[in-house]
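Per-entry structural report
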Protein chains: 2
Amino acid sequence: METTTHPAAPDSAPYAATDRTVPTRARERAAYDRALVHAILDESYVCHLAFVRDGAPVVLPTLYGRVGERLYVHGSTGSRPLRMAGAAQPDDGADPGLPVCLTVTHVDGLVLARSAFHHSINYRSVVVHGIARPVTDPEEKRTALDALVEHVVPGRAADSRPANAKELAATAVLSLDLAEVSAKVRTGGPNDDPEDMDLPHWAGVVPLRKGYDPVVPSADLAPGIEVPDYLIEP
Amino acid sequence: METTTHPAAPDSAPYAATDRTVPTRARERAAYDRALVHAILDESYVCHLAFVRDGAPVVLPTLYGRVGERLYVHGSTGSRPLRMAGAAQPDDGADPGLPVCLTVTHVDGLVLARSAFHHSINYRSVVVHGIARPVTDPEEKRTALDALVEHVVPGRAADSRPANAKELAATAVLSLDLAEVSAKVRTGGPNDDPEDMDLPHWAGVVPLRKGYDPVVPSADLAPGIEVPDYLIEP
């Protein structure tokens, strides 16, 4: 899914920290490394996309895809954030766009401390701030939709019928550049206070299961179509 | 975690739909049933909490708990949304509070259709709109913190050292009433177009694994402390 020509070629330098991407708490957990950010983004199935409507925040889960340093979300041309992004016209005459915050979170484990206070979770998250802009170029739109399918199951875009003209017209796509970005990661066991170490409570980490359960083929699947290799976990 | 006296006793009527909780798309997937909403909320580990800062949306993952028809989130007294909720003072002289949107999403399965366009996911989500208010009553604060621990692992609040006065003072808690709430659920297989049914692509659902992997006890766990029953899955 990486491209070197579109969008602007990524470099290997970390993302620059900004006022919005430096957390007020647990700063030691914040990271700006591109490879880490990409890995966290590529492993999740949905993001949570926030925008402001009538002055109030709204956050909705949605599928997304990544191409280099650009994310894509899509939806019906009638959906609210998609319409808002296309309709919003800042006073300064700049491009249309919708200020958004896009967050991806993996919960990796439950951290059980001897004290209630030190209970936590092990997680990896990415927060992206920026302006979501409608994708109007047909070629970029197709690339984005392929990336969305590839994001769900790598290898799948080539093994499905591509979108036709009618489907492309019915689908709105927004792009969001990876510019103001941070990751946050917690790993390891509980951080109990020294005076709690002898309390009679179990302490440790409960990892959450990942991966696929056995697939469920469609009842009307044509005979002879086997489960594709990209669905078989190593 | 259910109480009948605090907060206001829930009734069994569904949540009333509002302009914000009726989706513009896929309305047939929206639901307002309290039992369904509670079940979706109780099964997740983190929510995504959105608020507006300097006119722009922010969405962050955070732990939460539920007590009846009220949700709680917590954080350091120095964290940004917690400070904002305590500081915000509307012009009308009403209580302090922070307009938020709190969303919980389960991704249950990947839906692979024969066409790229009909790819989807099976999910269950809840979106809550409202005003997050600081919890100042010490008794409610303690109830909220218990609910947060119980939310991570039911049965755990009673098997850990309760928060002491210093920890309570360092922790800020916000409450959010379940009033403007909707759920959205997708289940089942792909919805391919009739003319695509004979294409040579596998179609079906890939369920995602749920539950715990084997627990990892702390290295410094005192001898003789066994894995508690509430961590052993049925």
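First, a word on what this report is: a plain description of the structure on this page. Small disclaimer: the values here were computed from a predicted structure and weren't measured.

Let us now look at the overall build of chain A. Along the backbone of chain A there are 4 helices and 11 strands. Its C-alpha atoms put chain A at 65 × 60 × 35 Å along the principal axes. The buried share of chain A, taken over its 234 residues, is 53%. Taking contacts inside chain A between residues at least 6 apart in sequence as the whole, the part at least 24 apart equals 72%. Counting only carbon and sulfur atoms, one obtains 55% of the accessible surface of chain A, whose full area is about 10,400 Å². For chain A, the distance from the average position of its 22 positive side-chain charges to the average position of its 32 negative side-chain charges is 5 Å.

Opposite the 86 residues of chain B that make contact, chain A presents 86 residues. Contact between chain B and chain A buries roughly 7,400 Å² in total, counting both sides, with carbon and sulfur atoms accounting for 63%. Scanning the region where chain B abuts chain A turns up 8 salt bridges. The shortest N-O distance in the salt bridge between Asp 196 of chain A and Arg 161 of chain B comes to 2.9 Å. On inspection of chain B and its partner chain A, the count reaches 33 residue pairs in polar contact (both at pLDDT 80 or more).

For these two chains of identical sequence, chain B goes onto chain A by a turn of 180 degrees and a shift of 0.0 Å along the axis, with RMSD 0.0 Å. Between the two chains, the operation in question is that of a two-fold axis. When the interface residues of chain B are mapped onto chain A, 100% of them are again interface residues, pointing to one common binding face.

This next bit is on the packing of aromatic side chains. As enumerated under the stated definition, the model contains 0 aromatic pairs over all chains in all. Taking the ring centre of Tyr 15 of chain A as reference, the NZ or CZ of Arg 34 of chain A above it sits at 4.3 Å.

This next bit is on unusual backbone geometry. Of note in this structure, Asp 54 of chain A is not a glycine but carries a positive phi near 50 degrees. Given the relative accessible area of 75%, Asp 54 of chain A is considered exposed.

This part covers the nonpolar core. With 30 residues, the main nonpolar core has Leu 41, Leu 102, Val 126 and Val 128 of chain A as its most contacted residues. Looking at this core, the element that brings in the most residues is strand S6 (residues 98-112) of chain A, giving 4 residues. Setting aside chain neighbours within four positions, we find Leu 102 of chain A in contact with Cys 47, His 48, Leu 49, Leu 71, Val 73, Val 126, Val 127, Val 128 and Leu 176 of chain A. Grouped together as the second largest cluster of nonpolar side chains are 29 residues, Tyr 15, Ala 31, Val 37 and Leu 49 of chain B included.

Let's shift gears to the pattern of salt bridges. Opposite charge on two side chains makes pairing possible when the charged atoms of those side chains draw close. In total, this model carries 30 salt bridges over all chains according to the counting rule given. Several salt bridges converge on common partners, so that one network encompasses Glu 43, Asp 108, Arg 124 and Lys 210 of chain A.

Turning next to the side chain of Thr 62 of chain A. Residue and element names in this part refer to chain A. Mapped onto the fold, Thr 62 is located in strand S3 (residues 56-63). With a relative accessible area of 17%, Thr 62 lands in the buried category. The residues contacting Thr 62, other than those within four sequence positions of it, are Tyr 45, Val 46, Cys 47, Leu 49, Val 73 and His 74.

Moving on: the pairing of strand S7 (residues 120-134) of chain A. Residues and elements named next belong to chain A. In terms of residue burial, S7 counts as a mostly covered element, since 12 of its 15 residues are buried. Here S6 pairs with S7 via 13 bridges, running antiparallel. Its bridge partner being in S7, Gly 109 is matched across the sheet by Asn 122. Two elements, S7 and strand S9 (residues 180-186), share 7 bridges in a ladder whose sense is antiparallel. Each bridged residue has a counterpart across the sheet, and for Val 127 the counterpart in S9 is Ser 182. Relative to strand S8 (residues 171-177), S7 runs antiparallel, the two sharing 2 bridges. Bridge pairing links Pro 134 to Leu 174 in S8.

Below, the discussion takes up the pairing of strand S2 (residues 46-53) of chain B. Residue and element names in this part refer to chain B. Within S2, 7 of the 8 residues are buried, which leaves the element mostly enclosed by the surrounding structure. Examined bridge by bridge, S2 and strand S3 (residues 56-63) share 8 bridges and lie antiparallel to one another. Following the sheet pairing, Val 46 is matched in S3 by Leu 63. Connecting S2 to the next strand, S3, in antiparallel fashion are 2 residues, including Asp 54 with a positive phi near 50 degrees. Relative to strand S6 (residues 98-112), S2 runs antiparallel, the two being bridged by 3 bridges. Note that in S6 the partner of Ala 50 across the bridge is Cys 101.

This part takes up the environment of Thr 103 of chain A. For Thr 103 of chain A, the position within the fold is in strand S6. Placed 25 residues apart in sequence, Thr 103 of chain A and Val 128 of chain A show a C-alpha to C-alpha distance of 6.3 Å. The contacts of Thr 103 of chain A, once residues within four sequence positions are left out, are Cys 47, His 48, Val 126 and Val 127 of chain A together with His 48, Val 59 and Pro 61 of chain B. Among the polar contacts made by the side chain of Thr 103 of chain A, one reaches the main-chain carbonyl oxygen of Val 59 of chain B at a distance of 2.7 Å.

Cut-offs used in this document
- Residues numbered from 1 in each chain as written.
- Chains lettered and ligands numbered in written order.
- Predicted model: local features only at pLDDT ≥ 70, side-chain atom pairs only at ≥ 80, totals over all residues.
- Heavy atoms only, no water.
- Helix = DSSP H or I, 4+ residues; strand = E, 2+ residues; numbered from the N terminus.
- Buried < 20%, exposed > 50% of the residue type's maximum accessible area, 1.4 Å probe, protein only.
- Contact = heavy atoms within 4.5 Å.
- Areas by Shrake-Rupley, 256 points an atom, 1.4 Å probe, with all protein chains shown as cover.
- Lys, Arg positive; Asp, Glu negative; His and termini not counted.
- Charge placed at Lys NZ, Arg CZ, Asp CG, Glu CD.
- Buried area = accessible area lost by both parts, 1.4 Å probe.
- Salt bridge = Lys/Arg side-chain N within 4 Å of Asp/Glu carboxyl O.
- Polar contact = N/O pair within 3.5 Å; in protein donor to acceptor, adjacent residues only side chain to side chain.
- Least-squares fit on C-alpha atoms with pLDDT ≥ 70 in both.
- Phe/Tyr/Trp six-rings, centres within 6.5 Å; stacked < 30°, edge-to-face > 60°.
- Lys NZ or Arg CZ within 6 Å of the ring centre and 35° of its normal.
- Core = buried A, V, L, I, M, F, W, Y, C linked by side-chain atoms within 4.5 Å.
- Pairing = 2+ DSSP bridges.

Interpretation in functional terms is not warranted from these geometric data alone.
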